[in-house]
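# What the coordinates show
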Amino acid sequence: MRWKPFEIPESKQVDFVEGLISICGAGDPKSRHGCASHVYVCNKSMDDKAMNNSDGDFLIVPQQGTLYITTEFGRMMVEPNEICVIQQGMRFSVAVEGPSRGYILEVYDGHFVLPGLGPIGANCLANPRDFLAPAAWYEDRTCDFTVVTKYQGKLFAGKQDHSCFDVVAWHGNYTPYKYNLDTFAAINVVSFDHADPSIFTVLTCQSTRPGVAIADFVIFPPRWSVQEHTFRPPYYHRNVMSEYMGLIKGKYEAKEEGFMPGGATLHSMTTPHGPDADCFNKASTDVLQPVKIAVGTMAFMFETSLSMAITEWANKNRVDEKYYECWQPLKKNFDPNWKPASSK
């Protein structure tokens, strides 16, 4: 499925909590197992209001508009092309300057961690030094304050007579944090063939099965493509993971038309998918020389081993009914008499 860019409200004022929309998910927060994909669309700050997620961690990906996030640990400014993680039980409030939109990956099982680098060694991908935690900040303010708690998938509101951001100091390493996607040190194939997109994993939430993720956050950053004798774009495939993709800016190289910033796609497990016809034709005839791809673009993927169910809202709103048409011009190219050209 593909969704057109999710609409930001224009006729009424909507804050971050009011603008949360669930798109798909699997599992159950009551059993602390599963994940969900949401979007937020808002145009108003959370005045005298905070949110607390008792169900799991939020990984927030702004697409339009800067988020000014106040937490019990301090404040963070998170711009498009950055991400932040608000871990379970942390109260936070989101202020915006205008129309704002973005994506959220929620996990129930555990917390996001850096992926194991294996034979890559100690460096590259997302380096620990580039993650930033807020400095302590507080306010001692009396007001009519609301705390909205997400608990077992539902929202509950409680009133109090003061701001909840009155924590003077903190210590330890259980904090909210942010990360700039431009600091990701990409690894790529330098000989031939196509590597699994897991090489672009920024953060992962692992399951109890070694090597199997509840959810991975993967990006497709600007990088050099140099493979020889290879169809360089993501090839046509079916896999046992569910892939939910979003686009922060630019054009995704495998589908330059139709997949728009602020929209999304979902390719469920074992569903065939791959580049559209235009991408296939171009990549099949291009001269294979070193080229920098995805310049000015940032696409990402929420990938999970779970089977994602689409919400009723997402099944009826902003659906691109013509998504399938991007593959219709593909032609059969098999020729049993074809032989590769001699390299001599």
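Our structure's up above, just so we're on the same page.
### What about the overall build of the protein chain?
Assigned secondary structure in the protein chain consists of two helices and 22 strands. If one aligns the C-alpha atoms of the protein chain with their principal axes, the spans along those axes are about 80 × 45 × 35 Å. Looking at the protein chain as a whole, 48% of its 344 residues are labelled buried. Approximately 17300 Å² of the protein chain is accessible, and the part contributed by carbon and sulfur atoms is 53%. Charge separation in the protein chain, taken as the distance between the mean sites of 32 positive and 39 negative side-chain charges, equals 6 Å.

### Details of helix α1 (residues 277-285)
Among the residues of α1, those classed as buried are Ala277, Cys279 and Ala283. The arc that holds every buried residue of α1, seen down its axis, measures 160°, which confines them to one face. Opposite the buried face of α1, at more than 90 degrees from it, the exposed residues are Asp278, Lys282 and Thr285.

### Considering the sheet that holds strand β9 (residues 91-95)
Strand order in the open sheet formed by six strands is β7-β6-β9-β4-β12-β13, with mixed pairing between adjacent strands. Looking at the sheet topology across the chains shown, the edges are occupied by β7 (74-78) and β13 (154-162). Averaged over all neighbouring strand pairs, the angle between strand axes comes to 30°, with direction disregarded. Bridge analysis of strand β6 (residues 67-71) against β7 gives five bridges, and the strand direction is antiparallel. Residue pairing across strands places Ile69 opposite Met76, the latter belonging to β7.

### Some points on the pattern of salt bridges
This model, assessed by the stated rule, comprises 13 salt bridges. Where Arg141 meets Asp48, a salt bridge forms, and the shortest distance between an N and an O atom there is 2.8 Å. A residue pair is termed long-range when its members are at least 10 positions apart, and Arg141 in the loop between β11 (131-132) and β12 (142-151) and Asp48 in the loop between β3 (33-42) and β4 (49-53) qualify at 93 residues. In this structure, the salt-bridge partner of Lys316 is Glu312, at a minimum N-O distance of 3.1 Å. With Lys316 and Glu312 both in helix α2 (residues 312-316) and four residues apart, this pair spans about one turn of that helix.

### What about the pairing of β4?
For β4, the tally of buried residues reaches five of five residues, placing the bulk of the element in the interior. Of the two faces of β4, the one carrying Lys49, Met51 and Asn53 and the one carrying Ala50 and Asn52 are both buried. Relative to β9, β4 is paired through two bridges, and the arrangement is antiparallel. Within β9, the residue paired with Asn52 across the bridge is Arg91.

### Thoughts on the side chain of Thr71
Structurally, the position occupied by Thr71 is in strand β6. Taking relative accessible area as the criterion, Thr71 reaches 1% and is therefore assigned buried. Polar side-chain contacts of Thr71 include one of 3.0 Å to the backbone nitrogen of Phe73. Engagement of the side chain of Thr71 in a polar contact is seen with the backbone oxygen of Gly74, the distance being 2.8 Å.

### Some points on the nonpolar core
Ranked by size, the top nonpolar core spans 54 residues in total, and within it Phe217 and Tyr244 carry the most contacts. Considering every element that reaches this core, the biggest residue donor is strand β16 (residues 213-220), with six residues. With 21 residues, the next largest nonpolar core counts Val17, Met51, Leu67 and Ile86 among its residues.

Rules used in this analysis
- Residues numbered from 1 in each chain as written.
- Predicted model: local features only at pLDDT ≥ 70, side-chain atom pairs only at ≥ 80, totals over all residues.
- Heavy atoms only, no water.
- Helix = DSSP H or I, 4+ residues; strand = E, 2+ residues; numbered from the N terminus.
- Buried < 20%, exposed > 50% of the residue type's maximum accessible area, 1.4 Å probe, protein only.
- Areas by Shrake-Rupley, 256 points an atom, 1.4 Å probe, with all protein chains shown as cover.
- Lys, Arg positive; Asp, Glu negative; His and termini not counted.
- Charge placed at Lys NZ, Arg CZ, Asp CG, Glu CD.
- Arc of directions from axis to C-beta.
- Pairing = 2+ DSSP bridges.
- Axes fitted to C-alpha atoms, helices over the stretch in contact; angles between N-to-C directions.
- Salt bridge = Lys/Arg side-chain N within 4 Å of Asp/Glu carboxyl O.
- Polar contact = N/O pair within 3.5 Å; in protein donor to acceptor, adjacent residues only side chain to side chain.
- Core = buried A, V, L, I, M, F, W, Y, C linked by side-chain atoms within 4.5 Å.

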